[in-house]
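# A closer look at the structure
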Amino acid sequence: MNFFQETGALAYFAARFFREVIKPPMEFRELLRQCYNVGNRSLMLVVVTGFIIGLVLTLQSRPTLIEFGAVSWMPNMVGISIVREIGPVITALICAGRVASGMGAELGSMRVTEQIDAMEVSGTNPFKFLVVTRILATTLMLPLLVVFGDLVALFGSALVENLKGDVSFQLYFNTVFNALGYGDLIPATVKSFFFGFVIGLVGCYKGYFSKKGTAGVGIAANTAVVTASLLLFMVDFIAVFVSDIFYEL
């Protein structure tokens, strides 16, 4: 029963977001501030993680490809793997750990200290100001973070190939871009928007309905990360399944 109640409440919360997002006034100033918090403050973590992923993936795959005499396929394999799946999923999980927990803790603290109640009493729409702007910010910023993460991961892979295989950076990136097609770029980009929406939705939902007390804030932040991570894998499976059907047709 708790599972179905939670699912229904989350679906109603999402429906309320779509209803409120088209209503004036538009909180552009708060939206820009949240975009800065989500995008700029997560960029360094995404870049470092992407660079390490590119290094590790190439170092681990290189001996096997050399054994089969297919080391020349390294740029194709790494490029397609990162752009299609590894880049978007890892970036989304990083943002789920940082952004969803932060939103859950921030809104939970505002709920505990009755700031949200004070906004409602004063005639302000707290849902529009606090929730809509945060969900829009994560939806818009995550695809940009994925692009940065993918590029840095490919640079890390190219660095390994340059040092170990004497492959120039120009040759490496030309090979990668020739191997990538619209069937790789479009599904990865589209599902990145859904990843961002899920992260913002879950983080705001857990914080907005946080229980009273300091323990409720910790629970909201913790459950936001767990729930967002689980939903990300579910959305990723659905996206891969749908895109596979679409391109088979």
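Residues numbered from 1 in each chain as written. Predicted model: local features only at pLDDT ≥ 70, side-chain atom pairs only at ≥ 80, totals over all residues. Heavy atoms only, no water.

### A few points about the UniProt feature "transmembrane region" (unreviewed entry) in the chain
The UniProt record marks residues 42-59, 135-160, 180-205 and 217-242 with the feature "transmembrane region" (unreviewed entry), using the residue numbering of this structure. Secondary structure content for residues 42-59 is 100% helix and 0% strand, and the end C-alpha separation is 26 Å. The span residues 135-160 is 100% helical and 0% strand by assignment, and the distance between its end C-alpha atoms comes to 38 Å. (UniProt positions renumbered as here; feature names shortened; annotations may be inferred. Helix = DSSP H or I, 4+ residues; strand = E, 2+ residues; numbered from the N terminus.)

### Notes on the pattern of salt bridges
Evaluated as defined, the whole model comprises nine salt bridges. Across the salt bridge formed by R84 and D184, the nearest N and O atoms sit 2.4 Å from each other. Of this pair, R84 sits in helix α3 (residues 74-112) while D184 sits in helix α7 (residues 182-208), placing them 100 residues apart in sequence. Classification of D184 as buried rests on a relative accessible area of 6%. Members of the salt-bridge network, linked through shared partners, are E30, R33, E106 and R134. (Salt bridge = Lys/Arg side-chain N within 4 Å of Asp/Glu carboxyl O. Buried < 20%, exposed > 50% of the residue type's maximum accessible area, 1.4 Å probe, protein only.)

### Details of the packing of helix α5 (residues 126-165) against α7
With their axes 7 Å apart at the nearest point, α5 and α7 run at an angle of 150 degrees to one another. Here α7 runs roughly antiparallel to α5, going by the angle between their axes. Every pair of crossing elements has a handedness; the one defined by α5 and α7 is right-handed. Taking contact as the criterion, the partners of P126, F127, L130, V131, R134, I135, T138, T139, L142, P143 and V146 in α5 are, on α7, S192, F193, F195, G196, F197, I199, G200, L201, C204 and Y208. The class makeup of the residues in the contact of α5 with α7 is 15 nonpolar, five polar and one charged. (Axes fitted to C-alpha atoms, helices over the stretch in contact; angles between N-to-C directions. Parallel < 35°, antiparallel > 145°, perpendicular 65-115°, else oblique. Left-handed = near helix turned anticlockwise from the far one by under 90°. Contact = heavy atoms within 4.5 Å. Nonpolar A, V, L, I, M, F, W, Y, C, P; charged D, E, K, R; others polar.)

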